[in-house]
Amino acid sequence: MTMSNYLFFKISIRLLALLLAISLFVFSWSVLQNNRNIEVVTPEDIQKHFEKSVSWLEANYSSVENTANPILWWMIKQAAITSNNETLNEIYFKYKTDHLDNNPPNLSTPMFNQYFRPKLPDISVFSKLYDYQTFFFYALSCDENFAVEPLIRKQFMPSFCSLHFLRQSCTTHQVMGLRFMQRNQCGYDEVVNRTISKLKEILISELTWDFRVGDIYIQRVLMMLDLSVYSEVKPIWIKNILSAQNGDGGWDDLDPIIYLGNDYFLGYSTQLFTIKKMKSDFHSTAQAIWLLSMLVEETKKHP
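Notes on the structure in this doc start here.

## With respect to the overall build of the protein chain
Phase 1 of the analysis: Within the protein chain, the secondary structure is distributed over twelve helices and three strands.
Phase 2 of the analysis: Its C-alpha atoms put the protein chain at 80 × 45 × 40 Å along the principal axes.
Phase 3 of the analysis: Going through the 303 residues of the protein chain one by one, you find that 48% of them count as buried.
Phase 4 of the analysis: The contacts of the protein chain with a sequence gap of at least 6 include a subset with a gap of at least 24, amounting to 66%.
Phase 5 of the analysis: Summed over all atoms, the accessible surface of the protein chain reaches about 16200 Å², with 58% contributed by carbon and sulfur.
Phase 6 of the analysis: Side chains of the protein chain carry 28 positive and 31 negative charges; the gap between the two charge centres is 6 Å.

## Here we look at the pairing of strand 1 (residues 255–261)
Along a regular strand, successive side chains alternate from one face of the sheet to the other.
Phase 1 of the analysis: For strand 1 and strand 2 (residues 264–269), the ladder comprises five bridges, and the chain directions are antiparallel. Directly across from G261, in strand 2, lies its bridge partner Y264.
Phase 2 of the analysis: Counting the residues that bridge the hairpin from strand 1 to strand 2 gives two residues, and of these N262 lies at a positive phi of roughly 55°.

## A short note on the state of the cysteines
Phase 1 of the analysis: Here the structure, examined in full by the defined rule, presents two disulfides.
Phase 2 of the analysis: Disulfides within the protein chain link the bonded cysteines, taken in sequence order, as 1-4, 2-3.

## Looking at empty space enclosed by the protein
Phase 1 of the analysis: The tally for this structure, following the rule as stated, stands at two cavities of 30 Å³ or more.
Phase 2 of the analysis: When its residues are assigned to classes, the lining of the largest cavity shows two nonpolar, four polar and five charged.
Phase 3 of the analysis: For the second largest cavity, the calculated volume is near 40 Å³.
Phase 4 of the analysis: For the second largest cavity, the full set of lining residues is I71, W74, M176, R179, F180, R183, M223, D226 and W290.

## Re the packing of aromatic side chains
Phase 1 of the analysis: Scanning the entire structure with this criterion turns up 19 aromatic pairs.
Phase 2 of the analysis: For the ring pair F126 and F137, a centre distance of 5.6 Å and an interplane angle of 35° mean the geometry is tilted. Here F126 is found in the loop between helix 4 (86–100) and helix 5 (131–141), whereas its partner F137 is found in helix 5, with eleven residues between them in sequence. Here F126 and F137 have matching classes, each one buried.
Phase 3 of the analysis: Ring plane angle 85° and centroid distance 5.6 Å describe the contact between F126 and F146, whose orientation is recorded as edge-to-face. Residue F126 is found in the loop between helix 4 and helix 5, and its partner F146 is found in helix 6 (residues 144–147); the two are separated by 20 residues along the sequence. Across the pair, exposure class does not vary: F126 and F146 are buried alike.
Phase 4 of the analysis: Pairwise contacts between aromatic rings join W74, Y130, Y132, F136, F180 and W290 into one cluster.

Reading the values: the criteria
- Residues numbered from 1 in each chain as written.
- Predicted model: local features only at pLDDT ≥ 70, side-chain atom pairs only at ≥ 80, totals over all residues.
- Heavy atoms only, no water.
- Helix = DSSP H or I, 4+ residues; strand = E, 2+ residues; numbered from the N terminus.
- Buried < 20%, exposed > 50% of the residue type's maximum accessible area, 1.4 Å probe, protein only.
- Contact = heavy atoms within 4.5 Å.
- Areas by Shrake-Rupley, 256 points an atom, 1.4 Å probe, with all protein chains shown as cover.
- Lys, Arg positive; Asp, Glu negative; His and termini not counted.
- Charge placed at Lys NZ, Arg CZ, Asp CG, Glu CD.
- Pairing = 2+ DSSP bridges.
- Disulfide = S-S within 2.5 Å.
- 1 Å grid on protein atoms, 1.4 Å probe; cavity = no way out; pocket = protein on both sides within 12 Å on 5 of 7 lines; lining within 4 Å.
- Points joined across faces, edges and corners; volume = space filled by probe spheres on them.
- Nonpolar A, V, L, I, M, F, W, Y, C, P; charged D, E, K, R; others polar.
- Phe/Tyr/Trp six-rings, centres within 6.5 Å; stacked < 30°, edge-to-face > 60°.

Put into structure tokens, the structure is as follows:
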């Protein structure tokens, strides 16, 4: 190795070590900030953010009403029931009238009609779906023929997401499916309760270490509230979500780091890093609306 090559190698190693040290410092500082102690957010403050989010939905209804993801509208329904907010009730009633009442029932109908139980087709029909989507359809139908399928049975287990560690929403989706099983009384109560208890601890760990305030962060706190474990949700996590609300009242999957100009940001997202504009989306906002509707009630009960 020549002297010039040796010096280049030595400088490269030092730069790499410096980069790693800086990265470790930023990560450690971000985790500490994400878990610091703060005062509990007041119900009045949460209510203001909630009303602002409902205004976003009202203003953007025409652009989101045809969203091909019925669970988001189910979340709006849940928020309307929890909050009894007049505007939200009117929005959901319009959606129900325009998109549910005049259409024949389908596999998602149990989200909106608890007495409807569809008969599921052969599981091969769902081969192009994600595992959790097939699990949702089982949990909505409680079809016993599906309950014995390996694809369904393995999602009863708390270790399921260890096989899908690159899918950051795996744990939250598994909890949603198990909660649908509970809501629809599919049975297997002991197994479901035991798995949910273990997944709750995983959610807490994910919220502790993953400081990126985006769609999945909102979803994790949402599932904690749906599991009725508000007492284990840190006030800073709630504050982070409220602070991430965009000026128009919605949320998106972008936790900005640096402004790049022309409305573009470098920021964290579900895909780790991204460069894009801040633009509220229905997926993040629907989850936040349901979350805030529950938070208002919980903070009233636990001031």
